[in-house]
Amino acid sequence: MKFAVKMLAGAAMLAALSSVYAQKGETVKIALIDPQTGLMGPLGTNQMRSWQYFADELSKNNPAGVKFEIVAFDNKLSPADSANALKAAIDQGIRYVAQGNGSSVAAALIDGITKHNERNPGKEMIYLNYAAVDPDFTNSKCNYWHFRFDADTSMKIEAMTTFMKDQKDIHKVYLLNQNYSHGQQVAKFAKDALKRKRPDVQIVGEDLHPLAQVRDFAPYIAKIKASGADTVITGNWGSDLALLIKAAKEGGYDGKFFTYYTGVTGTPTALGTTGEGKVFQVGYSHYNMGGEMGKWMEGFKARFKDDMFTGAIPSALVGLSQAMANAKSTDPAKVAKAFEGLKWKNYNGEVEMRKADHQLQQPLYVTVWQKAGGKYPYSPENTGMTLVPVAEYPAYVSSTPTSCAMKRPS
């Protein structure tokens, strides 16, 4: 009898332990839907490799004990091709989707995943947004299945203009952005923030150009110079920023640039040794953070002979594995619930996935293009230059309110 009781107790204990580690050893596939060809192909390829690198690194040790596997789809930066890629991922039984390049693509994926989840209870999917920064996704268009790990446009503008308000040599600003939701939002929030913080600053020009189609930005640089602008604010990314910077250098424009994506593929090379002290970037990380991020960057460069700059990728995987550990499951329905309000120690400090809108709250940094060396040795694209931190803003400074009225599953 005693033996039977002990056997039952042992079985109960084993059952309890197996339920605690129910997800351990599972392979979690993530569909990465981003461009690997076209003008934005070099950026998309870098980020695909970044996802693969962190999937390998964080599979070695994560709170949930799972193994991550990345399945990449080339969407050619097209919402229609992204919808087809999503269907292919669903057909393969993949239940986690990652995307970052292009808010128009993000909108299509949010819509597709929402419809799939409504029609297929028990087979829900989660969307890990690591770079599409349209504020609407965590405001009027917020969605329970969407989680953002980048800081949105309004948050970055808040940090950027907090820094700019004390730059007394800024008097005339030109806004140059891509003509889709992200670029339109950068212009809108920049005008609003400068009006609040530096009402003396004039907006002397504003242009929106087609996304990933302009090959020569010389006409835009001519307009900027003619306007008398001493500063340009741009949310451009990928080839659109690299070619803009190249045209500015060739056109002899020596004003300041305040950007989101100076550190991204192609732009460091376009800058070269010019722009020292005049090109700024706002972001949740930078090249010279050291610590855990520094080790990852070294490992990535050794493996791919390229620079790793998308720190939202490890944020997404570390947060996801912690949510899975807390949920004791890899089921997206359970993981989404565990993700809401989740706090964890990230490479850039304490972060929180805000429950109200699923927007990650995290510190932001302003950096400036300068010669590499000393405390800031990392040189992207072997330019001899780097991005040096000049300001750090804790999460509460860059955090912006949300109007999200989230509809949660019943």
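The structure contained in this document is the topic of the report that follows. Fair warning: this is a prediction, and the values are worked out from it, not measured in the lab. (Residues numbered from 1 in each chain as written. Predicted model: local features only at pLDDT ≥ 70, side-chain atom pairs only at ≥ 80, totals over all residues. Heavy atoms only, no water.)

The next point concerns the overall build of the chain. Within the chain one finds 13 helices and 15 strands. Radius of gyration (C-alpha) of the chain: 22 Å, near the 22 Å computed for a compact globule of 410 residues. Counting only C-alpha atoms, the chain reaches 90 × 45 × 40 Å along its principal axes. Looking at the chain as a whole, 57% of its 410 residues qualify as buried. Considering only intrachain contacts with a sequence separation of at least 6, the fraction spanning at least 24 residues in the chain is 71%. Approximately 16,800 Å² of the chain is accessible, and the part contributed by carbon and sulfur atoms is 54%. A distance of 5 Å separates the average location of the 47 positive side-chain charges in the chain from that of its 39 negative side-chain charges. (Helix = DSSP H or I, 4+ residues; strand = E, 2+ residues; numbered from the N terminus. Rg over C-alpha atoms; globule rule 2.2 N^0.38 Å. Buried < 20%, exposed > 50% of the residue type's maximum accessible area, 1.4 Å probe, protein only. Contact = heavy atoms within 4.5 Å. Areas by Shrake-Rupley, 256 points an atom, 1.4 Å probe, with all protein chains shown as cover. Lys, Arg positive; Asp, Glu negative; His and termini not counted. Charge placed at Lys NZ, Arg CZ, Asp CG, Glu CD.)

Moving on: the sheet that holds strand β11 (residues 343–346). Within a sheet, each strand pairs with its neighbour through backbone hydrogen bonds, oriented either parallel or antiparallel. The strand order across the open sheet built from 3 strands is β11-β12-β13, with neighbouring strands paired in antiparallel fashion. Of all strands in the sheet, those with a lone pairing partner are β11 and β13 (360–361), marking the two edges. As paired strands, β11 and strand β12 (residues 349–353) are joined by 4 bridges and run antiparallel to one another. Bridged to K343 within β12 is E352. (Pairing = 2+ DSSP bridges.)

This part takes up the nonpolar core. One finds I30, W51, F149, I233 and F339 to be the most contacted residues of the largest nonpolar core, which totals 133 residues. If one sorts the elements of this core by residue count, helix α11 (residues 312–327) sits on top with 9 residues. Those residues in contact with W51 that lie beyond four places of it in its chain are I30, L32, I70, A98, Y130, I313, A316 and L317. (Core = buried A, V, L, I, M, F, W, Y, C linked by side-chain atoms within 4.5 Å.)

Between its first and last C-alpha, helix α5 (residues 153–164) extends 16 Å over 12 residues, near the 16 Å set by a 1.5 Å rise per residue. Listed in full, the buried residues belonging to α5 are T153, S154, M155, K156, I157, E158, A159, M160, T161, T162, F163 and M164. (Expected span 1.5 Å × (residues − 1).)

Moving on to the pairing of strand β9 (residues 256–259). Judged by which residues are buried, β9 turns out to be covered on both faces: K256 and F258 on one side and F257 and T259 on the other are all buried. Two strands pair when backbone bridges link them, and strand β8 (residues 231–234) and β9 are joined in this way by 4 bridges, in the parallel orientation. Among the inter-strand pairings, T234 is bridged to a residue of β9, identified as T259. Note that the unit made of β8, helix α8 (residues 239–251) and β9 has a crossover that is right-handed. Across 3 bridges, the pairing between β9 and strand β10 (residues 279–283) is parallel. Of the residues in β10, the one forming a bridge with F257 is V279. (Right-handed = clockwise from strand over helix to strand, strands pointing away.)

Turning next to the sheet that holds strand β15 (residues 385–393). The mixed open sheet is built from 7 strands, whose spatial order is β7-β6-β8-β9-β10-β14-β15. Unpaired on one side and paired on the other, β7 (202–209) and β15 mark the two borders of the sheet. Between one strand axis and the next, the sheet turns by 20 degrees as a mean value, whatever way the strands run. By the bridge criterion, 7 bridges tie strand β6 (residues 172–178) to β7 in an arrangement that is parallel. The partner of V173 across the bridge, within β7, is I203. Packing against the sheet, helix α6 (residues 181–197) makes contact with β6, β7 and β8, and its axis sits at approximately 160 degrees to β6. (Axes fitted to C-alpha atoms, helices over the stretch in contact; angles between N-to-C directions.)

Further remarks concern unusual backbone geometry. Trans peptide bonds make up the majority, and among non-glycine residues the majority have a negative phi. Its identity is not glycine, yet L77 carries a phi of approximately 65 degrees, on the positive side. Notably, K328 is not glycine yet its phi reads approximately 55 degrees, a positive angle. One can find K328 in the loop between α11 and α12 (332–339). Note on K328: relative accessible area 40%, which makes it partly exposed.

Mapped onto the fold, Q322 is located in helix α11. Not counting chain neighbours up to four residues away, the residues in contact with Q322 comprise P63 and L342.

Applying the stated criterion across every chain yields a total of 17 aromatic pairs. Ring centres 5.2 Å apart and planes at 10 degrees place the aromatic pair Y287 and Y378 in the stacked group. Of this pair, Y287 sits in the loop between β10 and α10 (291–304) while Y378 sits in the loop between β14 (364–371) and β15, and the two are 91 residues apart along the sequence. By relative accessible area, which is 15% here, Y378 ends up buried. Pairing F339 with W344 gives two aromatic rings, centres 6.2 Å apart and planes at 55 degrees, and the pair type is tilted. On the accessibility criterion, F339 (0% relative accessible area) is buried. Ring pairs connect the aromatic residues Y53, F54, W296, F300, F304 and Y347, which therefore count as one cluster. (Phe/Tyr/Trp six-rings, centres within 6.5 Å; stacked < 30°, edge-to-face > 60°.)

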